[in-house]
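A structural walkthrough
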Amino acid sequence: MKGQLTDHHCEHRDLVGIGIGPANLGLSALLDPELGLTTRFFERRSRFTWHDGAMLPEAGLQVSPLKDLVTLVDPTSRFSFLNFLAEHGRLYRHLIASRSGTPREEFEQYYRWAAGLMPQLTFGSEITEVRPDGDALVVRGVTGPLARTRNLVLGSGRAPYVPGCVTARGEGVVHSAEIMRRPPDTLGRRVVVIGGGQSGAEIVHWLLGDKDMLPSSLVWSTRRDGFLPLDDSAFSNEWYFPGYVRHFTRLSAERRAELLRRQRMTSDGVSGELLDAIHAQLYRLDALRPGSCAYRLSPGQELLAVDGAPDDGPLSVVTRDMDTDSVRRERADVVILATGYRNRIPAYLGPLRDLIPLDDTGAFRVRPDYAIEFDGPPGCRIFVQGAAGSTHGVADANLSLMAWRNAVIANAVAGRELYRTEQDTTTVAWSREPAPYTPTPQERITHA
């Protein structure tokens, strides 16, 4: 069509990002002052949002606010959370208020502020496909080609996970990722919450603490052995250091999988303060409002089925007790799935699928610099955000190392060190290649 750009003549960018969540927003922030690189980031939503469907009242940040877009690699950046507070006249008040934690909603507000300072971000532009063209990759949207690049960064995020055994649909079944967009009617009704992580705990706390949400009965069910706390101890936190990531990438696939299982509670556990608050809520219900909400907390339960539809009567929740092997069928009006998220291969990579080898689990094969194995045009690279847990460790889907990961990607794209990524200190000596042994002078004398 006359006037429409062709694949070969659309704008060329040194780097193109697809998806603007915290990860690609942070990469954009780190590359913003680097005038030698041209970038463009695309997002299908009309504005920046962060877990907006799961932004429960009083939800708090589980990491230090210093683990923002930039601070851990560039503490002088204008895109820091501290600068956001200063620009809004909140520094002194935040110092006092944050003793009880930073609200997650305030961090989303910070992200939106940072996004408003970056003209290289394009919202309301859905990417439909990426395909090779000569020595580059062409990124196309519904209106046609949008950009050419040799460096693509995938930041489309993870998708809410709904177990295959959940066949029921309708208003009575809702995933935690969308609970604030379509809050279920729980007042005086039978509610089952599936999932024992932070999201499940936040939902239970919300239902018990809001008189307009309080169910007549509440079942909180999880496969886990109990309602387990987040492991936020000092030495466990060193798994969230750059040095540990470099160590982890050198291990065998079998060892990495074993470590990920063992380290799970450092990211998937429930904050101790929240567990204490739920315990206190249940005590108050029993002591001060007996009979207002019948509840049962059920660990060690494998979910077998959620079927039925609210239009046809109550939902049916079937679980297996992993200790006794007994099966229980529960009637419910509302089922809330706090079942987490899973990585997926974006549909827009369809034209490249034959050029991207996957591992035995169907995941990307990710190199130490976060570029995936790719048999596309020579010199073209595809980097991933939050999709390298099996190769880079438990911190990959967490905010903790987001700034450092973006510094690694930025350096790889620039072909030089824009940010220091190797000079970090650690208390724990993770295994390294053994240095050649040099005898001491005393040993030389002894064995002479």
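Counting of residues starts from 1 at the beginning of each chain's written sequence and follows it residue by residue. Since the coordinates come from a predicted model, pLDDT governs what is reported: local features require at least 70, and pairs of side-chain atoms require 80 or more to be given and counted, while whole-chain, interface and lining totals use all residues. Heavy atoms from the whole structure form the basis of all side-chain values; hydrogens and water molecules are not counted.

Here we look at the overall build of the chain
The numbering of helices and of strands both runs from the N terminus, where a helix is a DSSP run of H or I of at least 4 residues and a strand a run of E of at least 2. Helix and strand counts for the chain stand at 12 helices and 19 strands. The globule rule puts the C-alpha radius of gyration for 448 residues at 22 Å, and the 25 Å found for the chain is close to it. Overall size of the chain, expressed as C-alpha extent along the three principal axes, is 85 × 70 × 50 Å. In the chain, buried positions account for 49% of the 448 residues. Long-range contacts, defined as pairs at least 24 residues apart, comprise 71% of the intrachain contacts of the chain with a sequence gap of at least 6. Positive and negative charge centroids in the chain, built from 51 and 55 side chains respectively, lie 1 Å apart. Throughout, the radius of gyration refers to the C-alpha atoms, and the reference size of a globule is 2.2 Å times the residue count to the power 0.38. For the exposure calls, accessible area comes from a 1.4 Å probe over protein chains only, and a residue counts as buried if that area is under 20% of its type's maximum, exposed if over 50%, partly exposed in between. In this description, contact between two residues means that some pair of their heavy atoms is separated by no more than 4.5 Å. For the purpose of charge, His is not counted, nor are the chain termini; Lys and Arg are scored as positive and Asp and Glu as negative. Taken as the charge centre is NZ of Lys, CZ of Arg, CG of Asp or CD of Glu, depending on the residue.

Focus on the nonpolar core
Side-chain atoms within 4.5 Å link the members of a nonpolar core, which is a set of buried Ala, Val, Leu, Ile, Met, Phe, Trp, Tyr and Cys residues. Core analysis: the biggest nonpolar cluster contains 81 residues, and L25, Y111, V130, L152, F364 and I382 have the highest contact counts within it. For this core, the leading source of residues is helix 11 (residues 402-414), giving 10 residues. Grouped together as the second largest cluster of nonpolar side chains are 26 residues, A59, V204, W206 and M213 included.

Re the sheet that holds strand 17 (residues 334-337)
If you walk across this open sheet you meet the five strands as 10-17-11-12-13, and the pairing is parallel. At either margin of the open sheet sits one strand with a lone partner, and together these are strand 10 (173-175) and strand 13 (294-298). Going from strand to strand, the sheet's axes swing by 15° on average, the running direction of each strand aside. Strands pair, by our definition, only if DSSP identifies at least two bridges between them. Note: strand 12 (residues 217-221) against strand 13, five bridges, orientation parallel. Following the sheet pairing, V219 is matched in strand 13 by R296. Simply put, an axis is a line fit to the C-alpha atoms, just over the touching stretch for a helix, and the angle between two N-to-C directions goes from 0 to 180 degrees.

Regarding the packing of helix 1 (residues 22-31) against helix 11
Their axes nearest at 9 Å, the elements helix 1 and helix 11 cross at an angle of 55°. Between helix 1 and helix 11, the crossing angle belongs to the class labelled oblique. Handedness of the crossing formed by helix 1 with helix 11: right-handed. Contacts between helix 1 and helix 11 involve P22, A23, G26, L27, L30 and L31 from the first element and M402, A403, R405, N406, A407, I409 and A410 from the second. Throughout this description, any angle smaller than 35 degrees is read as roughly parallel, any larger than 145 degrees as roughly antiparallel, any in the 65 to 115 degree range as roughly perpendicular, and the remainder as oblique. Each crossing is labelled by how the near helix is turned from the far one, with a counterclockwise turn of less than a right angle marking it left-handed and a clockwise turn marking it right-handed.

Let's talk about the pattern of salt bridges
Whenever Lys or Arg places a side-chain nitrogen within 4 Å of a carboxyl oxygen from Asp or Glu, that contact is recorded as a salt bridge. The tally for this structure, following the rule as stated, stands at 28 salt bridges. A salt bridge links R150 to D135, with the shortest nitrogen-to-oxygen separation between them at 3.8 Å. Of this pair, R150 sits in the loop between strand 7 (144-149) and strand 8 (151-154) while D135 sits in the loop between strand 5 (127-133) and strand 6 (136-141), placing them 15 residues apart in sequence. Its salt-bridge partner being R182, residue E178 comes within 3.1 Å of it at the nearest N-O pair. For R182, a relative accessible area of 25% corresponds to the partly exposed category.

Thoughts on the packing of aromatic side chains
Pairs were defined over the aromatic rings of Phe, Tyr and Trp, the Trp ring being its six-membered one, requiring ring centres within 6.5 Å. Orientation was assigned from the angle between planes: stacked under 30 degrees, edge-to-face over 60, tilted for the rest. Scanning the entire structure with this criterion turns up 16 aromatic pairs. One aromatic cluster is present, built from ring pairs that chain together F48, W50, F81, F84, F107, Y110, Y111 and W113. For a lysine, the NZ atom is tested; for an arginine, the CZ atom; a charge sits over a ring if that atom is within 6 Å of the ring centre and within 35 degrees of the ring normal. Positioned above the aromatic ring of Y161, the side-chain terminus of R342 is 3.9 Å from the ring centre. Residue placement shows R405 over the ring face of Y370; its charged tip is 6.0 Å from the ring centre.

Here's the deal with the side chain of R13
Summarising the element assignment, R13 is placed in strand 1 (residues 12-13). Taking relative accessible area as the criterion, R13 reaches 18% and is therefore assigned buried.

Quick word on the sheet that holds strand 1
Backbone hydrogen bonds are what pair the strands of a sheet, in a parallel or an antiparallel way. Spatially, 1-7-6-5 is the arrangement adopted by the four strands of the open sheet, whose pairing is mixed. With partners counted over all chains shown, the strands left at the sheet margins are strand 1 and strand 5, one partner each. Two strands pair when backbone bridges link them, and strand 5 and strand 6 are joined in this way by six bridges, in the antiparallel orientation. Each bridged residue has a counterpart across the sheet, and for V130 the counterpart in strand 6 is V139.

Quick notes on the packing of helix 5 (residues 198-209) against helix 9 (residues 272-288)
Helices that pack against each other are described as a pair by the angle of their axes relative to one another and the distance between those axes. Across the interface, helix 5 lies against helix 9 with an axial gap of 10 Å and an inter-helix angle of 30°. The angle between the axes of helix 5 and helix 9 places the two elements in the roughly parallel class. Every pair of crossing elements has a handedness; the one defined by helix 5 and helix 9 is left-handed. Where helix 5 approaches helix 9, its residues Q198, A201, E202, V204, H205, L208 and G209 are matched on the opposing element by L274, A277, I278, Q281, L282 and L285. Amino acids are sorted into nonpolar (Ala, Val, Leu, Ile, Met, Phe, Trp, Tyr, Cys and Pro), charged (Asp, Glu, Lys and Arg) and polar (every other residue, Gly among them). Looking at the contact of helix 5 with helix 9 residue by residue, the classes come out as eight nonpolar, four polar and one charged.

Section: the side chain of H94
Within the secondary structure layout, H94 lies in helix 3 (residues 91-97). For H94, a relative accessible area of 10% gives the class buried.

Topic: the state of the cysteines
A pair of sulfur atoms, both from cysteines and within 2.5 Å, is called a disulfide here. Enumeration according to the criterion identifies zero disulfides in this entry. Of the cysteine sulfurs around C10, a residue in no disulfide, the closest is that of C380, at 13 Å. Assessed through its relative accessible area of 4%, C10 is described here as buried.

Details of helix 11
When the terminal C-alpha atoms of helix 11 are compared, their 18 Å separation across 13 residues agrees well with the 18 Å that a helix rising 1.5 Å per residue should span. Of all 13 residues in helix 11, 13 are buried, a share of seventy percent or more. Just downstream of helix 11 lies G415, where phi reads positive at about 75°. Expected helix span is taken as 1.5 Å per residue step, with the number of steps being one fewer than the number of residues.

Side note on the environment of S221
The residue S221 is located in strand 12 in this model. Taking the C-alpha atoms as reference, S221 lies 6.9 Å from G196; in sequence the two are 25 residues apart. Aside from chain neighbours lying at most four places away, what touches S221 is V193, I194, G195, G196, S298, Q301 and T319.

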